[in-house]
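Remarks on the overall topology
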Amino acid sequence: MLSYKKSAVIIVILIATSFIWIAVKPTKIVRVDKVAVFVENLPMSTEGKLKWWLKNKELLQEKYHIINKLYNFTVVIMNFNGYEELPKGTRDGSIDDYTCFNDNNGNHDKCVYNNIAIIVRGNLNGKQYINIGEKIYIQTSDGKVALQ
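Throughout, residues of each chain are indexed from 1 in the direction in which the sequence is written. Local features in this predicted model are restricted to residues of pLDDT 70 or higher, and side-chain atom pairs are both shown and tallied only at a pLDDT of 80 or more, whereas totals for entire chains, interfaces and linings draw on every residue. Working from all heavy atoms in the structure, the side-chain values ignore hydrogens and water.

On a plain count of helices and strands, the protein chain comes out with two helices and nine strands. What counts as a helix is a DSSP run of H or I of at least four residues, what counts as a strand is a run of E of at least two, and both are numbered from the N terminus. Secondary structure elements of the protein chain occur, N-terminal to C-terminal, as α-β-β-α-β-β-β-β-β-β-β. Radius of gyration means the value over C-alpha atoms here, while the globule rule gives 2.2 Å times the residue count to the 0.38 power. By the compact-globule yardstick of 15 Å for 148 residues, the protein chain is too spread out, its C-alpha radius of gyration being 19 Å. Overall, the C-alpha framework of the protein chain stretches about 70 × 45 × 30 Å when taken along its three principal axes. Categorising residues by exposure relies on relative accessible area from a 1.4 Å probe, with only protein chains included: less than 20% of the type maximum marks a residue as buried, more than 50% marks it as exposed, and the intermediate range marks it as partly exposed. Expressed as a percentage of its 148 residues, the buried residues of the protein chain come to 28%.

This is the structure:
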């Protein structure tokens, strides 16, 4: 029989391993729909999300053309937790809380719950406003990023 100390050590090791696994899991762009980007395994921290956006915004623009007007745009990065069916009951949430896709049969059976992680807005003077949770970062036209 294991002692309490050995059991505690094993539990701590398992918890640490799971946190490390979550932290190093690569971020994957699952789907892009106009200005909405659905992403799996987005970093958990605000700084990690900011770094991910700054590193991947050119790739998103080149591959998916998410920014049509450089002087006035909005891009929404959402956490992707798999496809769901659209709720049917009145207590299941509003259909406005979901983005649905008609990929196959015209039914709305491929829906994603709108779990917004990052909102990026740009304007005429070349600034980008990056909203992550309660924080707003401003990126100037020279590339510098500062917390508002």
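Next comes the rest of the description.
Okay, the sheet that holds strand β9 (residues 145–147) next. A pair of strands is considered paired only if DSSP assigns at least 2 bridges between the two. Pairing in this open sheet of seven strands is mixed, and the strands run β1-β2-β3-β6-β7-β8-β9 from one edge to the other. Both outer strands of the open sheet, β1 (28–33) and β9, are each paired with one neighbouring strand and no more. Between one strand axis and the next, the sheet turns through 20 degrees on average, direction left out of account. Whether two residues touch is decided by their heavy atoms; if any such pair falls within 4.5 Å, the residues are in contact. Throughout, an axis means a line fitted to C-alpha atoms (over the contacting stretch in the case of helices), and angles, computed between N-to-C directions, take values from 0 to 180 degrees. Strands in contact with helix α2 (residues 46–64) are β1, β2 (36–40), β3 (73–79), β6 (115–122), β7 (128–132), β8 (135–139) and β9; relative to β7, the strand with the most contacts, it is inclined by about 130 degrees.

On to the pairing of β1, then. For a regular strand, the rule is simple: side chains alternate between the two faces of the sheet. Relative to β2, β1 runs antiparallel, the two sharing five bridges. When the sheet's bridge partners are listed, R31 is paired in β2 with F38. Turn length for the β1-β2 hairpin, with the two strands adjacent in sequence and antiparallel, is two residues, and the turn residue K34 shows positive phi of about 60 degrees.

On to the pattern of salt bridges. When a carboxyl oxygen of Asp or Glu lies within 4 Å of a side-chain nitrogen of Lys or Arg, that pair is called a salt bridge. The final tally for this structure, using the stated rule, is one salt bridge. Ionic pairing is found between E47 and K135, a salt bridge with its closest N-O pair at 3.8 Å. Note that E47 is positioned in helix α2 and K135 in strand β8, a separation of 88 residues in sequence. Assessed through its relative accessible area of 42%, E47 is described here as partly exposed. Residue classification places K135 among the partly exposed residues on the basis of a relative accessible area of 34%.

Before going further, it helps to spend a moment on a nonpolar patch on the surface. Taken together, the side chains of I20, W21, I22, V24 and M44 define a hydrophobic patch exposed on the protein surface, amounting to about 580 Å² of accessible area. Tracing the backbone shows I20 in helix α1 (residues 4–24). What makes a patch is a set of residues exposed beyond 30% relative accessible area and free of salt bridges, joined within 9 Å when like-charged and within 5 Å when nonpolar (Val, Leu, Ile, Met, Phe, Trp, Tyr). We get accessible surface area from the Shrake-Rupley algorithm with a probe of 1.4 Å; when it comes to residues, only the shown protein chains can shield them.

Geometric descriptors of this kind do not, in isolation, establish any biological role.
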